[in-house]
Amino acid sequence: MLEKTKSKHLIDSGLVKLSKMSSGQPEIFISVQGEGVFAGTPCIFIRLALCNLSCSWCDTKYTWDWKNYQYANHVTALHGDDIYSIVKKYNHKHVVITGGEPLLQQHALQPLITSLSQNDYTVEIETNGTIAPITPIFKLVNQWNISPKLKNAGNSQNKQTALEILATYKSHPNAYLKFVIVEQDDISEAIRLANSLSFPTDRLIFMPEGASGPKLINKSEWLRDYCIKSGLRYSSRLHVLLWQGVRGK
Ligand code: SF4
């Protein structure tokens, strides 16, 4: 069923395009999950290049903004086997595939995700929810962190959300919608969107926007209070508080 809604954005290639560090190495690193239900868990992050959106507050513009970043300096490409060999060197069994927008490359990712799954890794994918996952990936991934973009992200409205794709995630028990909140008005927009999908309330997450500690803390207080009062799940951004958003941490 999901294949019927396959996006034209999919890029079919055996190579996975990854974000490249200034050292020339792919952006594969160990850290703690900073957001969502696994916050605080030590994880291996695989940061992919390319995105189909252009959020104004994006803190990984080097993965897609080719007006301001040079593609050749920020993108490298590896086969899934090579990525798996790098991941295996870490003594952890929890992987987060992030971006950019990972589902742009889901066909190229499928062998990697299959290997991880067959070797007992827990796999999370972070997606903006605009590209339908193919069935094998939908099932193999243990945790879906879907971040539908609100008006605050500044994308054109026709690109912003895809309701029918978001609705498919209701059938996955570990799929959460995570909303980035910039201003208090964003909360009602997020709730309207979740209600229109009848998405389970206990799988909604509200997270303040902020790429620096002070900015994040400033927005945390009213959002924290709102979530407590309303019985909604709040998420911080631990990597911002712990490392001030330094790349590769
Ligand atoms: S969807 Fe994510 S990676 Fe893409 S522009 Fe928005 S915040 Fe950045």
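Up top is the structure.
Residues numbered from 1 in each chain as written. Predicted model: local features only at pLDDT ≥ 70, side-chain atom pairs only at ≥ 80, totals over all residues. Heavy atoms only, no water.

K.L.:
Report on the site of the ligand, specifying residues and quantitative values.
P.N.:
In the region of the ligand, the neighbouring residues are Cys51, Leu53, Ser54, Cys55, Trp57, Cys58, Thr60, Trp64, Gly100, Asn128 and Lys149. Classifying every residue of the shell around the ligand gives six nonpolar, four polar and one charged. (Near = heavy atom within 4 Å. Nonpolar A, V, L, I, M, F, W, Y, C, P; charged D, E, K, R; others polar.)

K.L.:
Go over the pairing of strand E7 (residues 143-146) with me, naming the residues and quoting the values.
P.N.:
Alternating residues of E7 divide into Gln143 and Asn145 and Trp144 and Ile146, and every residue in both groups is buried. Note that strand E6 (residues 122-127) and E7 share four bridges and pair parallel. Along E7, the bridge assignment pairs Glu126 with Asn145. As defined by bridge partners, E7 adjoins strand E8 (residues 175-181) across three bridges and the pair is classed as parallel. Along E8, the bridge assignment pairs Asn145 with Tyr176. (Buried < 20%, exposed > 50% of the residue type's maximum accessible area, 1.4 Å probe, protein only. Helix = DSSP H or I, 4+ residues; strand = E, 2+ residues; numbered from the N terminus. Pairing = 2+ DSSP bridges.)

K.L.:
I'd like a description of the sheet that holds strand E10 (residues 233-234), backed by residues and values.
P.N.:
Sheet architecture is open: eight strands sit in the order E2-E3-E5-E6-E7-E8-E9-E10, paired in mixed fashion. Whereas interior strands pair on both sides, the edge strands pair on one side only; in this sheet they are strand E2 (28-32) and E10. Each of E8, strand E9 (204-208) and E10 is contacted by helix H8 (residues 213-230), which is oriented at about 150° to E9, the strand it contacts most. (Contact = heavy atoms within 4.5 Å. Axes fitted to C-alpha atoms, helices over the stretch in contact; angles between N-to-C directions.)

K.L.:
Pulling in residues and values, what's your account of unusual backbone geometry?
P.N.:
Glycine aside, a negative phi is what most residues show, and trans is what most peptide bonds show. For the bond from Gly99 to Gly100, the omega torsion is 5°, close enough to zero to count as cis. As for its position among the elements, Gly100 is in the loop between strand E5 (94-98) and helix H3 (106-118). Although it is not a glycine, Ser198 adopts a positive phi angle of roughly 55°. Position of Ser198 relative to the elements: it lies in the loop between helix H7 (185-197) and E9.

K.L.:
If you had to explain H7 to someone new, which residues and values would you point to?
P.N.:
Residues Asp186, Ile187, Glu189, Ala190, Leu193, Ala194 and Leu197 constitute the buried set of H7. Along H7, the residues classed as buried sweep out an arc of 165° about the axis, all on the same side. For H7, exposure combined with an orientation more than 90 degrees from the buried face picks out Asp185, Arg192, Asn195 and Ser196. Those residues of H7 that are buried lie in contact with helix H5 (157-160), helix H6 (163-168), E8, E9 and H8. Trailing H7 by a residue or two, Ser198 shows a phi angle of about 55°, which is positive. (Arc of directions from axis to C-beta.)

K.L.:
Hey, could you go over the pattern of salt bridges for me, with residue numbers and the actual values?
P.N.:
Enumeration according to the criterion identifies seven salt bridges in this entry. We note a salt bridge from Arg237 to Asp59, for which the minimum N-O separation is 2.8 Å. Placement of the pair is Arg237 in the loop between E10 and helix H9 (238-243) and Asp59 in the loop between strand E3 (42-47) and helix H1 (71-74), with a sequence separation of 178 residues. Where Arg224 meets Asp225, a salt bridge forms, and the shortest distance between an N and an O atom there is 3.0 Å. By relative accessible area, which is 39% here, Arg224 ends up partly exposed. Relative accessible area serves as the criterion here: at 40%, Asp225 is assigned to the partly exposed category. One salt-bridge network, in which partners are shared between bridges, spans Glu35, Asp59, Lys178 and Arg237. (Salt bridge = Lys/Arg side-chain N within 4 Å of Asp/Glu carboxyl O.)

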